[in-house]
Amino acid sequence: MLVLLKRGTGEPVAGDIASRLRMSGLSVYRTDHEGQVRLGAVGDGAAVDWDTVRGWPGVEEVRKIAVPFKLVSRTFQPHDTVISVGRCAIGSAQLALMAGPCSVEGEEQVFTIAEAVARAGATVMRGGAYKPRTSPYSFQGLGEEGLKLLRRAADAHGLAVVSEVMDPQLVPLVARYADILQVGARNMQNFSLLREVGRATKPVLLKRGLAATIEEWLMSAEHVISHGNAQVILCERGIRTFETYTRNTLDLNAIPVVKELSHLPVIVDPSHGTGIRGMVAPMARAAIAAGADGLIIEVHHDPDHALSDGPQSLYPAQYHELVGQIRTIAEVLGRRV
Ligand code: PEP
Ligand code: MN
């Protein structure tokens, strides 16, 4: 339920209403919108007499949130969530440009790529140290050593860091090095992992599952937020369809759909969305034109020798050119890089 308080209601009254709702067994989350306190009361409210709540001093209105993803919904929070990471305000007029290799492979590799993506205009560096690979015989990532290298390379070029965490137990470790915790597509419904990143204090980049509906994706975001972490960035990265020419089918429909349903920022990963280097830039441009809040793109200076996802990695010069085009498209939309 959404409990709207009367404008001008003081903190003691607002706090009292929240604790009375909690005493009924509900979890209560708060957002302030245009000078009004909005309380999202979630959980089993069967025992609550909402007509009585409507009569409580300070309560203006009680409304049902008619979607299953409550805290994620625009009903709960009408205004866009903006998440500050380093020099970037994700979800604001400024587009979030995240770029870097699929995997952290070594010192020279990450420093070379960090310099290139920073020069092109990226503000967040990506790089996996724990890799979800289809084959157990493929490169699995450098682990903590990789995170250390990524952090140093990013710091040397004023970049924030996004990196994937696969294991709930490793959330504190990854959070020590990364500014954003990535939950990969394969783990979108790993509810133990969602709980742990929900308890973390770093923003979460939640990738859409390979076969997840938009509602399932938003429900996963609800898991994270309900555990206390409201800083969730959604990432459309392509879904499985009957089409096999491209690695995945990048669902650009998801951008306006998510924007309508949710206040959370949504970015697009055209690298995994297409799997083909030549398709990355067109889909990146389309994503921004469709209203995405940013892009996460794989860039490698020597993709032929990359230990993962070389065929979909842009050369630094290609990324540089793409950022110039994104800047032009952004301007048309009243946004900026
Ligand atoms: C990645 O970002 O390298 C990755 C594995 O992405 P996804 O989870 O979308 O497949
Ligand atoms: Mn990859």
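Residues numbered from 1 in each chain as written. Chains lettered and ligands numbered in written order. Predicted model: local features only at pLDDT ≥ 70, side-chain atom pairs only at ≥ 80, totals over all residues. Heavy atoms only, no water.

### Overview of the coordination of the manganese ion (ligand 2)
Turning to step 1, where the next piece is worked out: The protein atoms donating to the manganese ion (ligand 2) are Cys 102 (SG), His 272 (NE2), Glu 298 (OE) and Asp 309 (OD), with metal-donor distances spanning 2.0 to 2.4 Å.
Turning to step 2, where the next piece is worked out: Expressed as a motif, the donor residue spacing for the manganese ion (ligand 2) is C-x169-H-x25-E-x10-D. Remark: Glu 298 occurs in strand β14 (residues 294–298) and Cys 102 occurs in the loop between β7 (96–100) and α3 (107–120); sequence separation between them is 196 residues. The pair Cys 102 / Glu 298 is uniform in exposure class, with both members buried. (Donors = N, O, S within 2.8 Å, 3.2 Å for Na, K, Ca; no water. Helix = DSSP H or I, 4+ residues; strand = E, 2+ residues; numbered from the N terminus. Buried < 20%, exposed > 50% of the residue type's maximum accessible area, 1.4 Å probe, protein only.)

### Re the domain arrangement of the protein chain
Turning to step 1, where the next piece is worked out: By domain assignment, the protein chain separates into domain 1 (2–63) and domain 2 (83–332).
Turning to step 2, where the next piece is worked out: Each of domain 1 and domain 2 was reduced to a C-alpha centroid, and the two centroids are 36 Å apart. (Domains from an automatic or database assignment.)

### Things to note about the site of ligand 1
Turning to step 1, where the next piece is worked out: Lining the immediate surroundings of ligand 1 are 13 residues, of which Arg 126, Lys 131, Ala 185, Lys 207 and Arg 237 lie closest.
Turning to step 2, where the next piece is worked out: Arg 186 places a polar side-chain atom, nitrogen or oxygen, 2.9 Å from an oxygen atom of ligand 1.
Turning to step 3, where the next piece is worked out: Between an oxygen atom of ligand 1 and a side-chain N or O atom of Lys 207, the distance comes to 2.9 Å.
Turning to step 4, where the next piece is worked out: Isolated, ligand 1 exposes 290 Å² of accessible area, and the fraction of that covered by the protein chains is 97%.
Turning to step 5, where the next piece is worked out: When grouped by side-chain class, the residues that make up the shell around ligand 1 number three nonpolar, three polar and seven charged. (Near = heavy atom within 4 Å. Polar contact = N/O pair within 3.5 Å; in protein donor to acceptor, adjacent residues only side chain to side chain. Areas by Shrake-Rupley, 256 points an atom, 1.4 Å probe, with all protein chains shown as cover. Nonpolar A, V, L, I, M, F, W, Y, C, P; charged D, E, K, R; others polar.)

### What about the nonpolar core?
Turning to step 1, where the next piece is worked out: Counting 77 residues, the largest nonpolar core has Val 197, Leu 206, Leu 234, Leu 295, Ile 297 and Tyr 319 as its most contacted members.
Turning to step 2, where the next piece is worked out: Among the elements that take part in this core, helix α7 (residues 214–226) stands out by supplying six residues, more than any other.
Turning to step 3, where the next piece is worked out: Formed jointly, this core draws a minimum of three residues from each of two domains, domain 1 (2–63) and domain 2 (83–332).
Turning to step 4, where the next piece is worked out: Residues contacting Ile 297, with those up to four places away along its chain left out, are Met 98, Ala 99, Gly 100, Arg 126, Pro 270, Ser 271, Val 280, Ala 284, Leu 314, Tyr 319 and Leu 322.
Turning to step 5, where the next piece is worked out: Counting 17 residues, the second largest nonpolar core, distinct from the first, contains Val 3, Ala 14, Leu 26 and Val 37. (Core = buried A, V, L, I, M, F, W, Y, C linked by side-chain atoms within 4.5 Å. Contact = heavy atoms within 4.5 Å.)

### Some details on helix α6 (residues 191–199)
Turning to step 1, where the next piece is worked out: Buried within α6 are the following residues: Leu 193, Leu 194, Val 197 and Gly 198. What you see down the axis of α6 is that its buried residues fit within an arc of 140°, all on one side.
Turning to step 2, where the next piece is worked out: Packed against the buried residues of α6 are α5 (171–177), β10 (180–183), β11 (204–207) and α7. (Arc of directions from axis to C-beta.)

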